[in-house]
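Listed below, chain by chain, are the residues.
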Amino acid sequence: MEGFREIFSHWELRVFIILSMVLQALPILWTYYHRRISSQPVQRILWLTAFLTADFVATLSLGAIFHLNINPKATIDNSPQNKYLLALWVPFILLHLGKHSRITTFSLAENEFWLSHMIRFIYHELIALFVCILASNETRVKFMSIILFVTGTIKFGERIIALKRGSMNELRFSTFKKADPGFSILDLVSYDNMNNNANIQGELEAESVPIHLSEDPNTDQLFVASQNENVRFLCAAYHSFNKKKGLYIDPSIRYGNGEEEGDTFHDMHTTQAFNLMEVELGFAYDLFYTKSACMHTIWGWIARFICLISILCAFVSFFHIDKKGFLKPDVQITYILLAAALILEMVSLLESVVSNRTKVQIGLREGQNWRHLENLVQRFCSVMEELGGRIFQRPFTVMGQFNMLSYCFNDYKSWSFVKWVLNLFELKVLWNNYYYTKYIPIDNDPELKNHIFSGVRRRLQEQRNAQHKVFHMITPTLLAQMPDTKVLQANLTGELIEFERHLLVWHFATELCYRTVGAEDIIRLQNAKYLSDYMMYLLAICPSMLSIVTTAEQKSYRNAHATCVQFYSDFRVTTDGFEVYNKLKEAYKLFYKIRDDDRINRNTLLWDGFELAYELKRLAEGNIQVWELLFEVWMDMLSFVAMNTHGKDHAERLGTGREFITYVWLFMVHSNLGSRYQFQR
């Protein structure tokens with residue numbers, strides 16, 4: 001025990017400082033990973049193990065170094081001078097607490113607590129300053145400790161500023177115009193004197209009133225000096241983001257008459273619209289989760305070069321000083337810390353240079369020198385993209401998939417002991433979300449994207465013509481062209497409070513049809529199947545996105561899950577395929593005998609889904625338009641959810657990856673509202 005305690009006392013600080021550096025690197029790697037896929041469980045694991053642990057380890061290391069330096073008799077491995085070298089590690093702890101420029105937080109809610117982070121900043125700065133003053137007795141590290149302390153303070157301060165600018169209050173103040181105080185006393189006196197003079201002269205010259213209440217009509221115009229098409233596109237996207245960033249302050253979009261129609265996407269192709277939305281969402285992510293807002297300023301660029309030069313000078317100084325009295329392991333760790341800080345700062349500077357925000361800043365400025373700089377940046381970006389193709393590639397557009405029947409079947413077949421352990425540690429939901437959720441890339445399927453967004457355009461036009469209170473807008477018209485559709489009509493007249501139930505019924509019907517139709521019909525059903533599983537994914541994995549249109553307790557979803565598991569258990573289903581349909585058909589014969597009065601207030605979601613699937617298959621015989629009708633049903637639901645989501649929910653999801661419904665929501669903003677936005681409480 002004594003041997004272990006001695007080893008721990010000698011190596012604890014060294015292990016903590018290396019661990020702090022590693023934990024700082026993990027979230028940076030995550031920022032590259034999350035651009036390509038949305039994965040909520042992985043995000044939660046990294047939040048617990050890397051982000052919070054990094055701050056804890058850094059604070060613990062700072063406290064240990066502080067305790068070591070305030071004790072005059074303290075030594076490290078019988079080397080009194082070595083503790084001054086460890087004091088040089090304090091600025092690196094500030095660097096770690098300041099985070100990298102690519103990430104300041106994993107959660108949007110943390111931005112609202114920027115004031116508490118400022119208090120922590122002051123506390124850590126005072127301790128670090130005290131340790132650096134004590135270390136000034138050692139002349140060999142005095143210069144390095146000063147310049148590194150300045151660098152650490154800048155990096156930590158940048159994080160506080162970034163958190164503040166990413167908060168909703170700051171966004172509200174920066175988005176909306178200043179309040180109009182009305183007429184001042186000088187205006188009133190001037191107006192009164194003018195009236196008196198006019199009465200004396202016998203006429204009132206109203207046009208001479210020097211008070212201008214109207215705004216400049218050209219304020220919404222964008223002037224881009226660059227002639228590069230890519231840069232002009234980025235400037236247009238940034239201008240559009242700045243005008244619409246108020247939508248992220250938690251409003252709901254109000255869709256009204258045609259007077260509010262925007263023309264941003266009026267004649268734009270789907271691919272070009274997607275590219276524009278990707279750039280806009282990139283600007284939104286930078287605002288809420290990175291230091292971009294404070295880095296791309298004059299003082300931000302100055303701070304970048306100060307930090308880089310300071311770390312480089314410290315590295316050169318440490319290389320040339322006499323290291324007599326310093327322990328070799330500590331010298332090696334110091335080299336590692338300096339090298340890591342230098343590399344991260346260089347990467348941060350390079351990322352700032354090749355970022356879209358930099359291209360926009362240059363593109364908006366006039367002058368031949370700016371054009372030369374623009375060409376230089378463009379060439380540098382091309383080289384960086386060739387060297388780091390996977391790092392600098394565009395983020396994938398994915399669509400989450402969650403199949404309710406398959407999930408319930410696997411839940412029924414899983415071992416009871418495994419479920420008991422997962423429930424014991426409250427990990428069952430996390431495991432289910434990770435194991436049963438799939439993601440399909442849709443970047444390589446332009447036909448699907450074009451089909452979806454063409455449908456969204458049609459629904460926006462339909463919504464302008466009439467204020468619908470139900471979530472089906474297009475499908476009733478299509479149903480009117482088909483004979484004998486009572487079962488389908490019964491599932492298309494739901495009010496808002498029944499949305500969750502209808503989503504589950506149509507999901508069951510779509511899945512059962514997909515499993516039992518022929519190969520040709522499967523191809524026609526594929527797009528409907530994608531949307532069905534995606535809407536189920538939103539309900540099961542991202543319930544906050546549907547909070548407006550579903551119940552808080554998700555009663556229908558939980559009842560549907562219990563019904564499916566009970567069905568699999570009662571009929572001893574062994575395979576998750578065609579057998580499920582046959583067993584349901586057998587069970588439905590018994591269910592059909594129950595009187596309608598007895599079905600009231602009972603859970604019939606699975607049986608309603610089977611009945612709907614049976615009716616769809618019957619109508620599909622010789623009429624392939626039925627599968628197109630099924631796709632339109634899901635398009636109605638997707639459009640309805642998108643127009644009833646909060647902008648703040650979309651901003652929150654940007655931290656874990658871009659949801660497909662965010663693109664639909666932003667598409668509606670552009671198509672329906674143009675350069676204006678409204679709020680509905």
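Our subject is the structure listed above.
Residues numbered from 1 in each chain as written. Predicted model: local features only at pLDDT ≥ 70, side-chain atom pairs only at ≥ 80, totals over all residues. Heavy atoms only, no water.

K.L.:
I keep staring at the overall build of the protein chain and nothing clicks. Help me out?
P.N.:
If you tally the helices and strands in the protein chain, you get 30 helices and 2 strands. Per-residue burial over the protein chain gives 51% buried out of 681 residues. The contacts of the protein chain with a sequence gap of at least 6 include a subset with a gap of at least 24, amounting to 82%. As presented, the protein chain carries roughly 33,600 Å² of accessible surface, and 59% of it is formed by carbon and sulfur atoms. (Helix = DSSP H or I, 4+ residues; strand = E, 2+ residues; numbered from the N terminus. Buried < 20%, exposed > 50% of the residue type's maximum accessible area, 1.4 Å probe, protein only. Contact = heavy atoms within 4.5 Å. Areas by Shrake-Rupley, 256 points an atom, 1.4 Å probe, with all protein chains shown as cover.)

K.L.:
Would you take a moment to explain the pattern of salt bridges for this structure?
P.N.:
Side chains carrying opposite charge are able to pair once their charged atoms draw close together. Taken as a whole and assessed by the stated rule, the structure comprises 22 salt bridges. Notably, a salt bridge pairs Asp330 with Arg14, separated by 2.4 Å at the nearest N-O pair. Placement of the pair is Asp330 in helix H13 (residues 328-354) and Arg14 in helix H1 (residues 2-33), with a sequence separation of 316 residues. Of the residues examined, Asp330 reaches a relative accessible area of 0% and is grouped as buried. Taking the shortest distance from any N to any O, the salt bridge between Arg159 and Glu110 comes out at 3.6 Å. Taken together, the residues span a long stretch of sequence, with Arg159 in helix H6 (residues 139-165) and Glu110 in the loop between helix H4 (90-98) and helix H5 (114-135) at a distance of 49 residues. In this structure Glu110 comes out as buried when scored by relative accessible area, which is 12%. Beyond isolated ion pairs, a larger network of salt bridges with shared partners links Asp55, Lys99, Glu110, Arg120 and Arg159. (Salt bridge = Lys/Arg side-chain N within 4 Å of Asp/Glu carboxyl O.)

K.L.:
Honestly, helix H28 (residues 625-643) in this entry has me stumped. Any pointers?
P.N.:
Along an α-helix, residues three or four apart share an orientation, since each turn contains 3.6 residues. An ideal rise of 1.5 Å per residue puts 27 Å on 19 residues; H28 measures up with 27 Å between its terminal C-alpha atoms. Taken across its 19 residues, H28 has 17 buried, putting it largely inside the fold. (Expected span 1.5 Å × (residues − 1).)

K.L.:
Whenever I open this one, the packing of aromatic side chains confuses me. Can you help?
P.N.:
Between two aromatic rings, the relevant description is the distance of the centres plus the angle of the planes. Taken as a whole and assessed by the stated rule, the structure comprises 28 aromatic pairs. Ring geometry for Phe499 versus Phe640: centroids 5.7 Å apart, planes at 40 degrees, classification tilted. Residue Phe499 is located in helix H22 (residues 499-516), and its partner Phe640 is located in helix H28; the two are separated by 141 residues in the primary sequence. An identical accessibility class is assigned to Phe499 and Phe640; each is buried. Following the ring pairs from residue to residue traces out a cluster consisting of Phe274, Tyr439, Phe453, Tyr534, Tyr537, Phe660, Tyr663 and Phe667. Geometry around Trp370 places Arg365 over its ring, the cationic atom sitting 5.5 Å from the centre. (Phe/Tyr/Trp six-rings, centres within 6.5 Å; stacked < 30°, edge-to-face > 60°. Lys NZ or Arg CZ within 6 Å of the ring centre and 35° of its normal.)

K.L.:
Would you mind going over the nonpolar core with me for this structure?
P.N.:
Nonpolar side chains tend to gather and get buried jointly when the protein is soluble and globular. With 116 residues, the main nonpolar core has Phe288, Phe402, Ile452, Leu616, Leu638 and Phe660 as its most contacted residues. Residues Ile127, Met144, Ile321 and Leu338 belong to the second largest nonpolar core, which totals 46 residues. (Core = buried A, V, L, I, M, F, W, Y, C linked by side-chain atoms within 4.5 Å.)

K.L.:
Just checking my understanding: could you explain the environment of Val580 for this structure?
P.N.:
Residue position: Val580 is located in helix H25 (residues 578-591). In the structure, Val580 is positioned 171 residues away from Phe409 in sequence and 9.6 Å away in space, judged by C-alpha atoms.

K.L.:
Got a minute to help me understand the pairing of strand S1 (residues 398-402) in this structure?
P.N.:
In terms of burial, S1 is a largely internal element, 5 of the 5 residues being buried. Burial along S1 is two-sided: the face carrying Val398, Gly400 and Phe402 and the face carrying Met399 and Gln401 are both buried. The pairing of S1 with strand S2 (residues 437-441) spans 5 bridges and is classified as antiparallel. Residue pairing for S2: Phe402 is matched across the bridge by Thr437. (Pairing = 2+ DSSP bridges.)

K.L.:
Would you mind showing me how to read H22 here?
P.N.:
Over its 18 residues, H22 runs 26 Å from end to end, which matches the ideal 26 Å to within 8%, given 1.5 Å per residue. Across the 18 residues that make up H22, a large majority, 17, are buried.

K.L.:
Would you mind showing me how to read the packing of H22 against helix H23 (residues 519-540) here?
P.N.:
Geometrically, a packed helix pair is captured by the angle between its two axes and the distance between the axes. One can describe the packing of H22 onto H23 by two numbers: an axis separation of 9 Å at closest approach and a directional angle of 145 degrees. Regarding H22 and H23, the two cross each other, and that crossing is left-handed. Facing H22, whose interface residues are Phe499, Glu500, Leu503, Leu504, His507, Thr510, Glu511, Cys513 and Tyr514, H23 presents Ile522, Leu525, Gln526, Ala528, Lys529, Ser532, Asp533, Met535, Met536 and Leu539. Residues belonging to the contact of H22 with H23 are distributed by class as follows: 11 nonpolar, 4 polar and 4 charged. (Axes fitted to C-alpha atoms, helices over the stretch in contact; angles between N-to-C directions. Left-handed = near helix turned anticlockwise from the far one by under 90°. Nonpolar A, V, L, I, M, F, W, Y, C, P; charged D, E, K, R; others polar.)

K.L.:
Please clarify how the state of the cysteines should be interpreted in this entry.
P.N.:
Here a disulfide denotes a covalent bond joining the sulfur atom of one cysteine to the sulfur atom of another. Applying the stated criterion across every chain yields a total of 0 disulfides. Not engaged in a disulfide, the cysteine Cys564 finds its nearest cysteine sulfur in Cys408; these two sulfurs lie 4.2 Å apart. (Disulfide = S-S within 2.5 Å.)

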